[in-house]
Amino acid sequence: RDGAGDAAQRALALAKTGVGPGYDACKKQHEAAWSSFWQRSAIALQDAELEATWYRHLFALAGQIGPQAMAPGLVGNVVPWESSPWHGGYTVNMNIQKMFVSAMPSNHPEWLDAYHAWLQHMEPSFRQLCQVVLGFEGLYSSHMVMPYLPPERQTNSNQAGRALGMIGWHGQPLWWRWDFTRDRDYLKRVAYPFFKATASTYWPYLKKFQDQ
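Enquirer: I'd love a proper account of the packing of helix α2 (residues 23-41) against helix α3 (residues 48-62), names of residues and values included.
Expert: The geometry of a pair of packed helices is captured by two quantities: the angle between their axes and the separation between those axes. Put simply, α2 and α3 touch, their axes get as near as 12 Å, and they point 130° apart. For the element pair α2 / α3, the angle class is oblique. Here the hand of the crossing between α2 and α3 comes out right-handed. Seen from α2, the contacting residues are Trp-34, Phe-37, Trp-38 and Ser-41; seen from α3, they are Trp-54, Tyr-55, Leu-58, Phe-59 and Ala-62.

Enquirer: How would you summarise the packing of aromatic side chains if you had to cite specific residues and measurements?
Expert: Within this structure, the stated rule accounts for 11 aromatic pairs. Judged by centre distance (5.0 Å) and plane angle (55°), the ring pair of Trp-38 and Tyr-55 falls under tilted. Here Trp-38 is found in helix α2, whereas its partner Tyr-55 is found in helix α3, with 17 residues between them in sequence. Ring geometry for Trp-175 versus Phe-195: centroids 6.3 Å apart, planes at 50°, classification tilted. Here Phe-195 lies in helix α7 (residues 184-210) and Trp-175 lies in helix α6 (residues 172-181), a separation of 20 residues in the sequence. The exposure class of Trp-175 is partly exposed, given its relative accessible area of 40%. Exposure remark for Phe-195: the relative accessible area of 25% places this residue in the partly exposed category.

Parameters and conventions
- Residues numbered from 1 in each chain as written.
- Predicted model: local features only at pLDDT ≥ 70, side-chain atom pairs only at ≥ 80, totals over all residues.
- Heavy atoms only, no water.
- Axes fitted to C-alpha atoms, helices over the stretch in contact; angles between N-to-C directions.
- Helix = DSSP H or I, 4+ residues; strand = E, 2+ residues; numbered from the N terminus.
- Parallel < 35°, antiparallel > 145°, perpendicular 65-115°, else oblique.
- Left-handed = near helix turned anticlockwise from the far one by under 90°.
- Contact = heavy atoms within 4.5 Å.
- Phe/Tyr/Trp six-rings, centres within 6.5 Å; stacked < 30°, edge-to-face > 60°.
- Buried < 20%, exposed > 50% of the residue type's maximum accessible area, 1.4 Å probe, protein only.

Dropping the structure here:
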């Protein structure tokens, strides 16, 4: 589902063209990309088993977090059978954010670009849910969201939809990146606009319901 348009038609078009850089060129590009990756996050530990765990887990994460791919949701792409558990849903309590906890400690803050792209993808749905659930303009996220549903088909359960902190919690990884890089341009372009939109949702909520 990564990319614009119908996935089957994209795959068919790629198969028919048969045009590509070739195996040797792809392999060279692949090796260069991994070399650059490990130059930024290589470690050496006396505990060989712990060191191997570091490399194995970072390899798994890097294999599913990329600028052209949807940010991994619940269980990422580690599936125990021929389908994604929970239909690839996104639970907000930790299962989105935990995929990115190691981005800064491993010196890969660019991973948060994939997370921000997911937030941008979900914004129309968050606005739709705010109108339906709370009755005013703003951003609202349930505890569980389905990224592949169009905004008008997003649902909110009576049980999992009561966690009002979820939309604010979405901003946590953006703060991680700002705190790590102190990139004021990133704060201005990416993080602060989301924080502002979230705060602008909580205020009318308090006015509407607490005043009553």
